[in-house]
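Here is how the chains run, residue by residue.
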Amino acid sequence: MFSELIIAYLFLGGTGAGCAFFCALLGLRASPEQLDGLLARRMRSTPAKPWKRFFASGVFASLGALTLGALCLAFDLGRPELVMALFISPAPTYIAFGAWSLVVCILSVLVLSLVWIGVVPAPRRILGVIEVVVMTSALAVMLYTGVMLSGLQAVPLWNTPWLVALFALSSLSCGIALLLLSALASGSARTFASTISRLFAIDAVLIVLEVAALVCFLVSVWPPTDAASQLANYTDRAAAASVASILSGRFALLFWVGFVGLGLLAPLAQDVVHLARRIGFGRSAITLQSRSILTLSTAVCVLCGGAFLRMIVVGAAMHPLLG
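Residues numbered from 1 in each chain as written. Predicted model: local features only at pLDDT ≥ 70, side-chain atom pairs only at ≥ 80, totals over all residues. Heavy atoms only, no water.

### A closer look at the layout of surface pockets
Now for step 1: One number sums up the size of the second largest pocket: a volume of about 170 Å³.
Now for step 2: In terms of lining, the second largest pocket is formed by 12 residues, of which the most central are Ala70, Ala74, Val83, Phe87 and Leu102.
Now for step 3: Mapped by element, the contributors of at least two residues to the lining of the second largest pocket are α3 (48–77), α4 (80–87) and α5 (94–116).
Now for step 4: It is α3 that contributes the most residues to the lining of the second largest pocket, five residues altogether.
Now for step 5: Of the residues assigned to the lining of the second largest pocket, the class counts are 12 nonpolar, no polar and no charged. (1 Å grid on protein atoms, 1.4 Å probe; cavity = no way out; pocket = protein on both sides within 12 Å on 5 of 7 lines; lining within 4 Å. Points joined across faces, edges and corners; volume = space filled by probe spheres on them. Helix = DSSP H or I, 4+ residues; strand = E, 2+ residues; numbered from the N terminus. Nonpolar A, V, L, I, M, F, W, Y, C, P; charged D, E, K, R; others polar.)

### Brief notes about unusual backbone geometry
Now for step 1: At Arg42, a position not held by glycine, the phi torsion is positive, near 55°.
Now for step 2: Turning to its location among the elements, Arg42 is positioned in the loop between α2 (32–40) and α3.
Now for step 3: One non-glycine residue, Met43, lies in the positive phi region at around 60°.
Now for step 4: Mapped onto the elements of the fold, Met43 is located in the loop between α2 and α3.

### So, the environment of Phe217
Now for step 1: The topology assignment puts Phe217 in helix α8 (residues 193–221).
Now for step 2: Separated by 58 residues in sequence, Phe217 and Asn159 have C-alpha atoms that sit 9.7 Å apart.
Now for step 3: Beyond its immediate chain neighbours, meaning those up to four positions away, Phe217 contacts Leu157, Thr160, Trp162, Leu163 and Leu166. (Contact = heavy atoms within 4.5 Å.)

### Thoughts on the side chain of Ser57
Now for step 1: The residue Ser57 is located in helix α3 in this model.
Now for step 2: Those residues in contact with Ser57, other than ones at most four positions away along the chain, are Lys52, Ser182, Ala183 and Ser186.

Below you can see the structure in the form of structure tokens.
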């Protein structure tokens, strides 16, 4: 029902917002004593280098994903006047709220990136305010797409609040994956090994919650037994057809192998392995090389799963009359 550009926007916007959320959260939880000294020297001292690499790379990664997502949305609209109409709509709409949330998130992340690379000086309290704005706008970006789709009552596959939870949890997990990739690329993963381990633990919890939200999503969409068997109305037919296409039809392979297998179970198993080896269980403690490979593999699996989820949810959606 939506174009490939919208699917790309749903993935990139959610992933970028998730990464920005965790970058800001980790910044807020950083040691005040250390951070005050680093910010006073505008991130130009030797002790600031690993902090600069870790946070700046993560923030720039989120900024890139958010910007690409915004471009996908703009190109899908096609005409500049339609883009402007999103911001000057006299009546509040989900789309207008999402557009403003996306702009605020991009601008606040841009300011945050300039602070972390030392271009814009900011004391810790000002940095904290910026990070709160980033977290708030990132949450809005992650939530509004699910809220917007779930509000479309004409599409029974989307008309459930569990879609909001599923998209939000997926965005947070994909945000962690993007942050892990940026830490590997910047060479800061070793210095922030304890932070990386905490991210693995959070990701494991998010994936478990995502599995629960997925089950609730499918159960809530599936029509009652009598309606599904008798095909009582067009809405029930569309709902049954959408779920069937996901579980055993057109999207079954992508769902079971791509999303459930590669996007959920594989990274969850890798999260558990990383945490077990990190605390010394298993044959031996995890080495630097194996930790890097495990981090890369986990992040790629999560990101692929996030992309597959949005492809499935959009592709399997069916309007009752069109269906």
